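Spelled out, the chains give:
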Amino acid sequence: MSETITRAQLTEAIYQEVGLSRNESADLVESVLSEVADALSRGEMVKFSSFGSFSVRSKTQRMGRNPKTGEEVPILPRRVLVFKPSNVLKNAVNDGSYDLELDEPHK
Amino acid sequence: MTKSDLILRLAEKNPHLYQRDVERIVATVLDEITAALARGDRVELRGFGAFSVKQRGARIGRNPRTGESVRVAEKSVPYFKTGKELRERLNAS
């Protein structure tokens, strides 16, 4: 059965691994996510070696269609986020295994 | 921003933590997401986005150099969908 991991499990992992309180672990999960979100909002690229990179791409205006009414509507220029997984992550997903112990955390 | 930039930033904002612990925090978050996806689990981080695994069916590909047909086996690929809040922030201002 496939499960859904949320902030709660990430918090628990930090609590176990690093030994901070659960409250502080939760705050740090939030800090990690907000630092990444802040960088992306500034238009910066975010690169995590052996995980993947997030980049912001600008889309130009194009014509779209309301699928319900068939009416043509302009899709305005906007910025979208693209995630490119690293080879390490792609292999982990494909092999279905990822050994946390073998991974070097300080890279 | 790279992993080390993120570590430095977090260390600056949390002067009571050892840098080594900040490194472990960042590594733990990335490792947990990787391990979850390897198990085929989904990672949902409200407001930020969701990581999931998509199946790509087997297909007949082509070697672009020789034009030769090759069988490509089915595979699983990681996928990220941007969360609503982050998507809106990217387009604010």
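Please refer to the structure placed before this passage.
For the structure given in this document, a descriptive report is provided here. The structure displayed is predicted, hence computed values, not measured ones. (Residues numbered from 1 in each chain as written. Chains lettered and ligands numbered in written order. Predicted model: local features only at pLDDT ≥ 70, side-chain atom pairs only at ≥ 80, totals over all residues. Heavy atoms only, no water.)

### A look at the packing of helix α3 (residues 87–95) of chain A against helix α2 (residues 19–38) of chain B
- At their nearest, the axes of α3 of chain A and α2 of chain B sit 7 Å apart, and the two run at 35° to each other. On the side of α3 of chain A, the interface is formed by L89, A92 and V93 of chain A, while α2 of chain B contributes T34, L37 and A38 of chain B.
- Broken down by class, the residue content of the contact of α3 of chain A with α2 of chain B amounts to five nonpolar, one polar and no charged. (Axes fitted to C-alpha atoms, helices over the stretch in contact; angles between N-to-C directions. Helix = DSSP H or I, 4+ residues; strand = E, 2+ residues; numbered from the N terminus. Contact = heavy atoms within 4.5 Å. Nonpolar A, V, L, I, M, F, W, Y, C, P; charged D, E, K, R; others polar.)

### Details of the sheet that holds strand β3 (residues 52–59) of chain A
Residue and element names in this part refer to chain A.
- What the three strands build is an open sheet, ordered β2-β3-β6; its pairing is antiparallel. Each edge of the open sheet is held by one strand with a lone partner, namely β2 (46–48) and β6 (78–85). Ignoring which end each strand starts from, the neighbouring axes of this sheet average 25° apart.
- Pairing of β2 with β3 involves three bridges; the strand directions are antiparallel. The residue of β3 that forms the bridge with K47 is S53. (Pairing = 2+ DSSP bridges.)

### Some remarks on the interface of chain A and chain B
- Counting residues at the interface gives 55 residues for chain A and 48 residues for chain B.
- Carbon and sulfur atoms supply 65% of the area buried between chain A and chain B, which totals about 4800 Å² over both sides.
- Summed over the shared surface of chain A and chain B, the result is three salt bridges.
- Here K13 of chain B and E35 of chain A are joined by a salt bridge, their closest N and O atoms 2.7 Å apart.
- Across the contact surface, chain A and chain B share 20 residue pairs in polar contact (both at pLDDT 80 or more).
- Of all the elements in the fold, those that place two or more residues in the side of chain A that touches chain B are β1 (4–5), α1 (7–18), α2 (22–41), β2, β3, β6 and α3 of chain A. (Buried area = accessible area lost by both parts, 1.4 Å probe. Salt bridge = Lys/Arg side-chain N within 4 Å of Asp/Glu carboxyl O. Polar contact = N/O pair within 3.5 Å; in protein donor to acceptor, adjacent residues only side chain to side chain.)

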